[in-house]
Amino acid sequence: MNQKAYHSEETRKKFQKQVIRSNQIAHWCFSLGGLTVLASIFGIFIFILVQIFPLFQPASVKKVTQYKVTSKDPVVIGVDEYNQRPFVVDRSGILELFNGQNPADVSSKIDLLQLVGFEGSLEASIFLEDKQELLLGSSTGEFSLVELGFSSEFTENQSRTISVNPNVVLSYQLDADQIIASDTSQSLDRRVLANVVSKGGSRSVYAIEFNRGRTLFGPGDLRLNRVVDLTPWIDLQPVSVKVGSNSSDILVLDDAGNISVLNLSGSEGAQRVQLWVPSPEIIQGKIVDMRWLLGRFSLILTDDLGFQYLASRASDSQGETRYSITTVTGDEISNPDLFSTNLRNRVYLRGNANEVELLYATTLRSRWSHSPDYNVIDTALSPRNDALYLLDDEQWMHQYSIYDPHPEAGFKSFFGKIRYEGQAEAQYTWQSSGATDDFEPKFSLMPLIYGSMKGTFYAIIFSVPIAVLGALYTSQFLADHYKKYIKPLMEIMASLPSVVLGFLGALWLAPIIETRIPSVLLIIVFMPLISMFLGMITYQVNQKFKIRFRGKEFLFLIPLLLFSAYALWQLGPTVERLIFVYQDPVTGERIADFRLWWPENLGIGFDQRNSMVVGFMMGFAIIPLIFTISEDAMSSVPTHLTSASYALGANRWQTAWKIVVPTASAGVLSAVMIGIGRAIGETMIVVMATGNTPVMEWDVFTGMRTLAANLAVELPEAALNSTLYRSLFLGAMVLFLMTFALNTVSDIIRQRLKLKYKSTL
């Protein structure tokens, strides 16, 4: 007996040690698993941070080399698109070219005056980066357009060499003593050159239009079409002239700081479409200079006090296109008389003899500033914005490399209101791509955040009442015999893929709702009222009847509700004919159509795939999730609490509302928060069931674009490490922070609810 007891005690201790050891192993496994999950989340967080960090870095600019300029009195400096042949043109017409691959090489020179046949010296000369052309204006009233003819060749060792073969595109002799300022722009079938000239002490403005013919082999030669004297439309003495991108608009700055906007599109000379007098409430002094930015839609204006202003053209309230000042660029650099642009983006270089700065025009974000130890007399940016050149008064041209892959990024770009080209006012805009090279990307995340909140809101107001009240009825009122069918049914609902729901929403539900909006509105408004009315009737019926059908009320309530819904659906067209009538402004015909009445009377758009469709389909997707968790929480309320309530004389509804709901509120809140998290991160339903347009309107009949949907749509088109690519990671980070903040707040509330009702458990 003692031996058996000994063996029994020994076995018990051995088994106890095994249990302890197993518990320790399980403890370490669970701990390791939890730490692994935390490490994975932290690693994802760090990876996203690494991807978005470059968006907020300034430009990296480093000096590369310098060239000794032998030409005297330079008037133009520039570089080819490959950044290998920087050049200088002096007042005597000598084009001096340097070798960017070997700065020690002796420069080559070309006499441009001899090439074009000018007499005198160069006065108004500019380098046209987009066409790689020089517009030369002489002191004798002649001007000529010279194509530099940069061509690329590869040697046997695969190194690129750039050769130069300048040729004259066109020339013209004006009846003038001197050309003061010139500019040119080219459209598909014509080219316009504008010049401010001086003759006999007075100044005039001429526009010379050349037409380009078409041949079987492509574009033909330029031929002179007309010369238009623009002076009659200029009130004061002209100072500068610029030609717009469409080759029709010509801007002339006079000595009073006013800008006349002329149009050449008509066959009879020109007309002044705008006399632009910059408002003294905006500008500090008198406008003395204007320069185009990329695309020739926006201008940088400089006043006589050294302040600069960004100006652009946009449609006003009357629908007319007008130029106006959009932003003041600040006075970080006093008297900036140096200016250069590039062909890749809206970064421009401004400066004076002692300081230069790179700015992104749209956001006015300073990318880089520098105070060199020499006096700068001229500047140039490479067409690809990968190099800048500073010419000093000692005849040295200094070359700097630029690494600035994300100039359009920044906190203001992502979260601030910005007035972009062509917009009448500052606004939040997401538009990552365009049809032309001079397109300006717009990366505001605000419409996407707004869309995520909007889609979640409409999904929640549809799903939460149905799911929570359904869970309350199932757990507290429904007969036990029927409960075993509810959970499998909800699991079937939850198993439907999002892509199927999105497909059904886009191709089935949206067309139905579009034509029966009044019916849907009647159902939304009156079905809750009808449900309450039926509930009141049920409460008043005979006690024996209520006892007999306790837990089975739905057997006769559901048919009544379905019949009510069908009646309201059929009543919708009648209500539409009585209330929602649109009168055609052309024919005067009265049309009963909610789709026309809504935008006409409320000024809000109507889309077939709208927030209502998203609310229904996304709500359908999260109802099972909220229902299941809420029902479990309500069913877990201790029976002694409900029994005590019944013992004190409370009925089923009073017990459910006063005892069950408060006690289970922490679990219900968790269910709702999980549903909200699912709705915020939903992708396919939003992509397929809405127009996926990044608009900021709470209107239920317009669409939206969410952060999650934007990731799905844009990521396949985003080039690796591009601004769009990194902006999508920033959107993912914002989505992560939104859900993290939401879950944190909900968890705090849930813990407080648990503590509040803990004493009742």
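Note that the structure is predicted; figures quoted are calculated from it, not measured.

Here we take up the overall build of the protein. When its secondary structure is counted, the protein shows 17 helices and 34 strands. At 37 Å, the protein has a C-alpha radius of gyration far larger than the 27 Å of a compact globule built from 761 residues. Each of the three principal axes of the protein carries a C-alpha extent, and together these read 120 × 90 × 55 Å. Of all 761 residues assigned to the protein, the portion counted as buried reaches 46%. Considering only contacts in the protein between residues 6 or more positions apart, those separated by 24 or more positions represent 57%. Accessible surface computed for the protein: about 38,000 Å², of which carbon and sulfur atoms make up 58%. Once the 64 positive and 72 negative side-chain charges of the protein are each reduced to a mean point, those two points are 19 Å apart.

Our next topic: helix H11 (residues 611-635). When the terminal C-alpha atoms of H11 are compared, their 34 Å separation across 25 residues agrees well with the 36 Å that a helix rising 1.5 Å per residue should span. When the local axis directions of H11 are compared, the greatest deviation, roughly 35°, occurs at Ile622, which is followed within four positions by the proline Pro624. Across the 25 residues of H11, 18 count as buried, placing the element largely inside the fold. Regarding H11, its N-cap is Asn610, as a side-chain oxygen of that residue lies 3.1 Å from the backbone nitrogen of Met612 further along.

Ranked by size, the top nonpolar core spans 80 residues in total, and within it Leu445, Phe594, Ile626, Met634, Val672 and Phe701 carry the most contacts. The biggest single contributor to this core is H11, with 12 residues. When near neighbours in sequence (up to four residues on either side) are disregarded, Ile626 contacts Ser463, Val464, Ala467, Val468, Ala671, Val672 and Gly675. Listed in part, the 18 residues of the second largest apolar core include Phe87, Leu97, Phe118 and Phe127.

Note on strand geometry: in a regular strand, side chains alternate between the two faces of the sheet. Summarising burial for strand S2 (residues 74-78): five of the five residues are buried, a large majority. Here S2 runs beside strand S3 (residues 87-90); their pairing, made up of four bridges, is antiparallel. What sits directly across from Pro74, in S3, is Asp90.

Another aspect to go through is the sheet that holds strand S7 (residues 133-138). Paired through their backbone hydrogen bonds, the strands of a sheet run either parallel or antiparallel. Pairing is antiparallel in the open sheet, where four strands are placed in the order S6-S7-S8-S11. Of all strands in the sheet, those with a lone pairing partner are strand S6 (122-128) and strand S11 (167-173), marking the two edges. With direction set aside, neighbouring strand axes in the sheet form an average angle of 15°. Judged from the six bridges that link them, strand S8 (residues 142-147) and S11 form a sheet pairing that is antiparallel. Within S11, the position partnered with Leu145 by the bridge is Leu170.

We now examine the domain arrangement of the protein. For the protein, the domain assignment lists domain 1 (67-152), domain 2 (174-213 + 220-277), domain 3 (278-406) and domain 4 (446-756). Using C-alpha coordinates to define each centre, domain 1 is positioned 69 Å away from domain 4.

Now for the sheet that holds strand S27 (residues 365-370). Strand order in this open sheet of four strands is S24-S25-S26-S27, and the pairing throughout is antiparallel. What marks the edges here is a single partner per strand, and that holds for strand S24 (338-341) and S27. Each neighbouring strand pair of the sheet contributes to a mean axis angle of 20°, computed without reference to strand direction. Sheet topology note: the strand S26 (residues 356-360)/S27 ladder contains five bridges and is antiparallel. Residue pairing for S27: Leu358 is matched across the bridge by Trp368.

Now for the packing of helix H7 (residues 517-540) against helix H9 (residues 554-578). Running from N to C, H7 and H9 point in directions that differ by 145°, and their axes come no closer than 9 Å. Viewed along their axes, H7 and H9 form a crossing whose handedness is right-handed.

A few words now on a nonpolar patch on the surface. A cluster of nonpolar side chains, Val499, Val500, Phe503, Leu504, Leu507, Trp508, Ile512 and Met684, forms an exposed patch at the surface whose accessible area comes to about 680 Å². Per-element tally for the nonpolar patch: the top contributor is helix H6 (residues 498-515), with seven residues.

It is worth spelling out the packing of H11 against helix H14 (residues 665-681) at this point. Helices that pack against each other are described as a pair by the angle of their axes relative to one another and the distance between those axes. Two elements in contact, H11 and H14, have axes whose closest approach is 8 Å; the angle formed by their N-to-C orientations is 160°. In terms of axis orientation, H11 runs roughly antiparallel to H14. The handedness of the crossing between H11 and H14 comes out as right-handed. Counted together, Met618, Ala621, Ile622, Leu625, Ile626, Ile629, Ser630, Ala633 and Met634 of H11 and Gly667, Val668, Ala671, Val672, Ile674, Gly675, Arg678 and Ala679 of H14 form the full contact between these two elements. Looking at the contact of H11 with H14 residue by residue, the class counts come to 13 nonpolar, three polar and one charged.

A few words on the packing of aromatic side chains. According to the stated counting rule, one finds 30 aromatic pairs in the structure shown. Seen from their ring centres, Trp430 and Phe443 are 5.6 Å apart, and the 65° between their planes marks the pair as edge-to-face. Pair noted here: Trp430 is in strand S31 (residues 430-431) and Phe443 is in strand S32 (residues 442-443), with a separation of 13 residues, a long-range link. Since its relative accessible area comes to 5%, Trp430 is described here as buried.

The subject of this paragraph is the pattern of salt bridges. Counting across every chain of the model gives 22 salt bridges. Asp235 serves as the salt-bridge partner of Arg272, at 3.2 Å between the closest nitrogen and oxygen. With Arg272 in strand S19 (residues 271-276) and Asp235 in the loop between strand S15 (218-229) and strand S16 (238-243), this residue pair connects regions lying 37 residues apart in the sequence. Among the salt bridges present, the one from Asp632 reaches Lys487, with a minimum N-O distance of 3.0 Å. One end of the pair, Asp632, is in helix H11; the other, Lys487, is in helix H5 (residues 480-494), and 145 residues separate them in sequence. What makes Asp632 partly exposed here is its relative accessible area of 36%. Here the salt bridges do not stand alone but share partners, grouping Asp73, Arg91 and Glu123 into one network.

A word on helix H4 (residues 446-476). With 31 residues, H4 extends 43 Å between its outermost C-alpha atoms, agreeing within 8% with the 45 Å of an ideal straight helix rising 1.5 Å per residue. Along H4, the sharpest kink reaches roughly 30°, centred on Ser463 and followed within four residues by the proline Pro465.

For the rest of this paragraph, the subject is the side chain of Asp303. Assignment of secondary structure puts Asp303 in strand S21 (residues 298-303). Within the structure, Asp303 has its side chain in polar contact with the backbone nitrogen of Gly285 (distance 3.1 Å). Within polar-contact distance, the side chain of Asp303 engages the backbone nitrogen of Leu305 at 3.0 Å. Ignoring anything within four residues of it in the chain, the contact list for Asp303 reads Gln284, Gly285, Lys286, Ile287, Val288 and Tyr309.

Our focus in this paragraph is the environment of Ala664. Here Ala664 is to be found in the loop between helix H13 (652-663) and H14. Here Ala664 falls in the buried class, since its relative accessible area comes to 4%. Along the sequence, Ala664 and Lys754 sit 90 residues apart, while their C-alpha atoms lie 8.7 Å from each other. With near-sequence residues (within four places) excluded, Ala664 lies in contact with Ala633, Met634 and Val637.

About the cut-offs
Residues numbered from 1 in each chain as written. Predicted model: local features only at pLDDT ≥ 70, side-chain atom pairs only at ≥ 80, totals over all residues. Heavy atoms only, no water. Helix = DSSP H or I, 4+ residues; strand = E, 2+ residues; numbered from the N terminus. Rg over C-alpha atoms; globule rule 2.2 N^0.38 Å. Buried < 20%, exposed > 50% of the residue type's maximum accessible area, 1.4 Å probe, protein only. Contact = heavy atoms within 4.5 Å. Areas by Shrake-Rupley, 256 points an atom, 1.4 Å probe, with all protein chains shown as cover. Lys, Arg positive; Asp, Glu negative; His and termini not counted. Charge placed at Lys NZ, Arg CZ, Asp CG, Glu CD. Expected span 1.5 Å × (residues − 1). Bend = angle between axes of the 7 residues up to and from the residue. Polar contact = N/O pair within 3.5 Å; in protein donor to acceptor, adjacent residues only side chain to side chain. Core = buried A, V, L, I, M, F, W, Y, C linked by side-chain atoms within 4.5 Å. Pairing = 2+ DSSP bridges. Axes fitted to C-alpha atoms, helices over the stretch in contact; angles between N-to-C directions. Domains from an automatic or database assignment. Left-handed = near helix turned anticlockwise from the far one by under 90°. Patch = residues over 30% accessible without salt bridge, like charges linked within 9 Å, V, L, I, M, F, W, Y side chains within 5 Å. Salt bridge = Lys/Arg side-chain N within 4 Å of Asp/Glu carboxyl O. Parallel < 35°, antiparallel > 145°, perpendicular 65-115°, else oblique. Nonpolar A, V, L, I, M, F, W, Y, C, P; charged D, E, K, R; others polar. Phe/Tyr/Trp six-rings, centres within 6.5 Å; stacked < 30°, edge-to-face > 60°.

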